[in-house]
Structures are given as structure tokens and as C-alpha cells.
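# Report on the structure
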Amino acid sequence: MDSSIKELKNLSENNTYSISKIEWWLLKYRGEYQNGNSVINAIPSSFTYPRISPKYQEEFNFKDLYERLEEVSICYKNETHFKEQLAVYNKVKNNVSELNNWLATHYLDAGKQQSKFRMLFADNRELIDYSFKIHLPTSLNLSVMVDANEYQYSLQFLNILERSKKIVISGVVKLITDLEVFEERRITEGDYTRIRPAFKRQKIVISTNDEHLNEHLIRFVNGKTELLKDVSVGQKIKGFISLRGGEWENEHKELEYRHSLLGWDIEKLE
């Protein structure tokens, strides 16, 4: 396995892998993958926890690596499907009824292509909601980053679906707070300890020009804070917002319900 991992590392250009090189590597080491699977399938059923046993760790690590890169390749092949769906979208996008039918179809039937892509790349800490760094067994000491540009149709398609689900708030930016950075925090409650990951947050207030003259506080977190870099007070914008809410117990042990608006995207208006 050492030689195959070394060769894979050498295929990287500026820490990024092209799909063509990943697929070349998969083809070359198909036999090694099949041999490793034969070893795994022959493990006696009486063997306890073979995955963590030093005896079989190499085979399981290579299996995990190979199958994860296979998923990367499958997602790339699904670009054809998303390109076809975008062609349909471009035909119906100016017809409200047909567009709603197109959207409803894809909401109800997410399909294996959508599911595969989201399972592999989804990461709401990023600006585009996806990260193209592939998680691999830590013992391999290997990081694989693929080029997001090779998934342009997948990203366009999923962006259209997500955007259509958002609340839209248009108005003038009244306030922009400073960027807040929160370190990782351990929270202990009785015998249970949970970890709150580190995160970034920045807030804005949008004043609307409707009959109610509403003012909305909108939070942008992690990668979405990048959207505010070129936004200034007094600017007219359209915000695409996710509504979040949940149950909360106040200091009097009474249940209350809180709602918040999370920024997903911004368009500047003239």
C-alpha cells in the first residue's frame, strides 16, 4: 500500500487533484483494492473488531481511501445529469408555473445524484456550503483536495434549489457589527460534556421600505461572513435568508421559543 499512497501524493498539483489523475490512480490500483477486499471478506466471523486490529488495518484503510475516491469520481460523472437538468431549468425559468413544477419535482425526489454530492462535499461552514477537501483515514497522513470547478453544474443546480427555498428581504443596510470570533468551548452538563466548535459571526440590520418599515437583524456565520466584506451601511441589498427557531428554557424554567434569521446570500441592488 505504501507505494500506491506515495504515487497518489505525487499526483497533487498545488495540493489539488484533478479528476483525471484520481481516475487514473483508481484504474491502476483496482487490483490492489480487490485483493484487499478478498482479505477482508475472508476474516473469520469469530474475529472481534477486525477494523481496528493492526493485522487488518492496512486493508481497511486502503479500502476506505479507494472507495472515497471512487465517490469523488462518481460525483464527477454525475455532472452530465446536472447539466441536463440545468438545460431544462433554463427553458422553464421564465414561466412561473413550469418553474414551480420543476422545483417541486426536485424537492420531492432529491435523487441519488444530489444525495451523493451532499454526503461527500456538504459543509455549511464554507461560503458556498461545500468543501472539496476529502476526509480520509487519519493514519494515512494524506489530504486530498479536488478542484471545485470540475463540479460547476452540480454547484449551479444545487444553488438554484437552495436559493428558491430562502426568505428574501430587501432593504437598506442600517448597521454592520464587527466580526466576532469564538474559540472552541467545552460545555459540561452533569455527566455529559459537549464541544461547541469554534466559529465566526457577524450581524447586520436591514431596514425595509415596506408599509411596516421593518428592521431585521440577520446573522452571518463562518464562511458566510465573507459576503459582508464589500457591504456598507446605507447600501441597498437583497438578502436570502434561512429562518431558524427552537425551544429554549429561560431563567425561570419557562419554555420559550426563539427565532433567528441566518444570512445565506446577498445581492447588491442599484
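Above this text you will find the structure in question.
As a starting point, this report considers the structure included with it.

Moving on: helix α3 (residues 30-41). With twelve residues, α3 should cover 16 Å at 1.5 Å per step; its first-to-last C-alpha distance of 16 Å lies within 8% of that length. Buried residues of α3: Tyr33, Gly36, Asn37 and Ile40, and no others. The arc that holds the buried residues of α3, viewed along the axis, is 105°, so those residues lie on one side. Elements that come into contact with the buried residues of α3 comprise α4 (57-77).

One can describe the packing of helix α5 (residues 79-92) onto helix α6 (residues 96-108) by two numbers: an axis separation of 8 Å at closest approach and a directional angle of 150°. On the basis of the axis angle, α5 is roughly antiparallel to α6. Taken as a pair, α5 and α6 cross one another with a handedness that is left-handed. Along its contact with α5, which presents Gln85, Val88, Tyr89 and Val92, the element α6 presents Glu98, Leu99, Trp102 and His106. Residues that form the contact of α5 with α6 fall into these classes: five nonpolar, two polar and one charged.

A complete count under the given rule lists 18 salt bridges for this structure. A salt bridge links Glu67 to Lys63; the nearest nitrogen and oxygen atoms lie 2.8 Å apart. With Glu67 and Lys63 both in helix α4 and four residues apart, this pair spans about one turn of that helix. For Glu67, a relative accessible area of 26% corresponds to the partly exposed category. Arg163 is the salt-bridge partner of Glu267, the closest N and O atoms lying 3.1 Å from each other. Here Glu267 is found in strand β10 (residues 255-268), whereas its partner Arg163 is found in helix α8 (residues 152-164), with 104 residues between them in sequence. By relative accessible area, which is 32% here, Glu267 ends up partly exposed. Residues joined in a network through salt bridges with shared partners are Arg118, Glu162, Lys165 and Lys166.

Note on placement: Asp123 falls in the loop between α7 (111-121) and β1 (133-134). On the accessibility criterion, Asp123 (10% relative accessible area) is buried.

Parameters and conventions
- Residues numbered from 1 in each chain as written.
- Predicted model: local features only at pLDDT ≥ 70, side-chain atom pairs only at ≥ 80, totals over all residues.
- Heavy atoms only, no water.
- Helix = DSSP H or I, 4+ residues; strand = E, 2+ residues; numbered from the N terminus.
- Expected span 1.5 Å × (residues − 1).
- Buried < 20%, exposed > 50% of the residue type's maximum accessible area, 1.4 Å probe, protein only.
- Arc of directions from axis to C-beta.
- Contact = heavy atoms within 4.5 Å.
- Axes fitted to C-alpha atoms, helices over the stretch in contact; angles between N-to-C directions.
- Parallel < 35°, antiparallel > 145°, perpendicular 65-115°, else oblique.
- Left-handed = near helix turned anticlockwise from the far one by under 90°.
- Nonpolar A, V, L, I, M, F, W, Y, C, P; charged D, E, K, R; others polar.
- Salt bridge = Lys/Arg side-chain N within 4 Å of Asp/Glu carboxyl O.

Worth remembering: the numbers are spatial, not functional.
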